Amino acid sequence: MPGFELIGKEEKDAVNEIFDDGGILFAHGFDAIRNNRYRVREFEEMFAARIGVKYAQAVSSGTAALKASLIALGVKPGDEVITQAFTFIATVEAIVDVGAIPVIVNIDLTYNMDPIELEKAITPKTKAIIPVHMLGVAADLEKILVVSKKYKIPVLDDNCESVGAEWNNEKLGVQSDICAWSFDFGKTITCGEGGMITTNSEELFKLVREYHDHGHQYNMSLPRGLDTRRSPGFNYRMSEMQAAVGMAQLEKLNYIVEANRRNYKVYFDALYQIDHIQFRTIPEQCKPLCDTFIFALPEEKQTLEFLKLMKKEGLGTKNVPDAIEWHLASHWNHVFKHYGISKEELNIITQTSIDLLKRSVSIPVMVNYKEDSLERSANKLFKIASQIL
Ligand SMILES: Cc1ncc(COP(=O)(O)O)c(C=O)c1O
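Values in this document were obtained by computation on a predicted structure and should not be read as measured data.

Trainee: I'd love a proper account of the nonpolar core, names of residues and values included.
Mentor: Core analysis: the largest hydrophobic core is formed by 37 residues, its most contacted members being F43, F47, W181, F183, M196 and M238. For this core, the secondary-structure elements that each account for two or more residues are α2 (39-51), β1 (55-59), β8 (178-182), α8 (240-250) and α9 (253-271). In terms of residues, this core owes the most to one element, α2, which gives 6 residues. Counting only domains with at least three residues in this core, you end up with domain 1 (3-250) and domain 2 (253-388). Discounting residues that sit within four places of it in the chain, F47 has contacts with W181, F183, M196, T198 and L250.

The following block contains the structure:
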């Protein structure tokens, strides 16, 4: 997730230009003194065009994008929303924050939502499905969309971690009803904090646009101070500075994805011939972002030994296992106890995911490597794997 690696002159110039243009940091108004630049609007248009979707709404974070999308889908207190056991906690927080009940299903070998478990979890109360495309790879969207159609339940993609991945030669994120994106500092492109919501539905777009900005209906025939409203909203607006940095980063997205894919291959080539390594399954329709290299070993004790040797060699991991407590629902007793689910029950619900993740190693793939440090790291991984397997 390397946008932060490339923060540089372009981002700095983009921010400086705002001050040259009158220093307006707000997306709206101040028309006479902003040199006709509306950077949040420009970022939305640019993002929609690059992703290949009709509408894009910039917001303050990926978490806000998820919440506003759930509101737009009409999810109400007491409704159930299904998501997966392996995700960042924000997905579940967004569900909780709209008063809905998070329902957790396990992951399969894509490390994303298992469509079979998804179908089993559907009840008359289910109002939305959130597959999360974790760490650069799509969930099995084809099967998930079949379930969505069969039960007429909308899909909100959490694509915060896979900006730039593809599905059937389109950008991942345009296949479902609505999609949430994140530009926080760990993401593929970053503006420090920020997010985007994309959709091809005009009505969903209007609803997220209104909700993210206190209910403003953006009635262009009226001054903002007299704007109309139909439902309450909140403030999840993006600022002009975030949008300026976001656009500079978006220009770098293709370069980032290409570099990720090239560097990922060095790791993959180092390990693919070693027996007993179970590589992450990538759905055939998906061209992944390749910002993370994930595999599992046959047994947990081998993985623990692998991790010990990695540490000794100065190699780090990404989320699994270093930040697993923020990414695996079995650790979220503080959330699920409010729904009458005990820690033991949570462990039972998420057992399949726990079993896979405790055997897994997840390695960050960066854009920039000094000299031959990528090859050296890949050689070290090969040495460790040969020693253990
Ligand atoms: C899968 C997933 N969903 C949602 C989010 C939330 O995004 P943000 O940090 O922009 O609120 C993140 C961020 O880490 C994420 O990884």
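Back to the write-up after that little detour.
Trainee: Summarise the pattern of salt bridges; cite the residues concerned and give the values.
Mentor: All told, the structure shown has 29 salt bridges when counted by the stated rule. Here K252 and E10 are joined by a salt bridge, their closest N and O atoms 3.0 Å apart. Placement of K252 in the loop between α8 and α9 and of E10 in helix α1 (residues 9-20) is noted, with a sequence separation of 242 residues between them. We classify E10 as partly exposed; its relative accessible area is 45%. Residue K252 is joined to E11 by a salt bridge in which the shortest nitrogen-to-oxygen separation is 2.9 Å. Of this pair, K252 sits in the loop between α8 and α9 while E11 is found in helix α1, placing the two residues 241 residues apart along the sequence. The class of K252 is buried, set by a relative accessible area of 13%. Several salt bridges share partner residues, and in doing so they unite E17, D21, R37, R39 and E42 into one network.

Trainee: Help me get a handle on the pairing of strand β12 (residues 292-296), residues and values and all.
Mentor: Across the 5 residues that make up β12, a large majority, 5, are buried. With burial as the criterion, each face of β12 is covered, one bearing T292, I294 and A296 and the other bearing F293 and F295. Relative to β12, strand β10 (residues 278-279) runs antiparallel, the two sharing 2 bridges. Its bridge partner being in β12, Q278 is matched across the sheet by A296.

Trainee: Before we move on, can you summarise empty space enclosed by the protein with the specific residues and values?
Mentor: This structure, assessed with the given rule, holds 2 cavities of 30 Å³ or more. Here the largest cavity is characterised by a volume of approximately 60 Å³. For the second largest cavity, the calculated volume is near 30 Å³. Along its surface, the second largest cavity is lined by I18, D21, G23, I24, R34, R37, R39 and E240. Within the lining of the second largest cavity, the residues separate by chemical class into 2 nonpolar, 1 polar and 5 charged.

Conventions used here
- Residues numbered from 1 in each chain as written.
- Predicted model: local features only at pLDDT ≥ 70, side-chain atom pairs only at ≥ 80, totals over all residues.
- Heavy atoms only, no water.
- Core = buried A, V, L, I, M, F, W, Y, C linked by side-chain atoms within 4.5 Å.
- Buried < 20%, exposed > 50% of the residue type's maximum accessible area, 1.4 Å probe, protein only.
- Helix = DSSP H or I, 4+ residues; strand = E, 2+ residues; numbered from the N terminus.
- Domains from an automatic or database assignment.
- Contact = heavy atoms within 4.5 Å.
- Salt bridge = Lys/Arg side-chain N within 4 Å of Asp/Glu carboxyl O.
- Pairing = 2+ DSSP bridges.
- 1 Å grid on protein atoms, 1.4 Å probe; cavity = no way out; pocket = protein on both sides within 12 Å on 5 of 7 lines; lining within 4 Å.
- Points joined across faces, edges and corners; volume = space filled by probe spheres on them.
- Nonpolar A, V, L, I, M, F, W, Y, C, P; charged D, E, K, R; others polar.

Function cannot be read off these values alone, since they describe shape.
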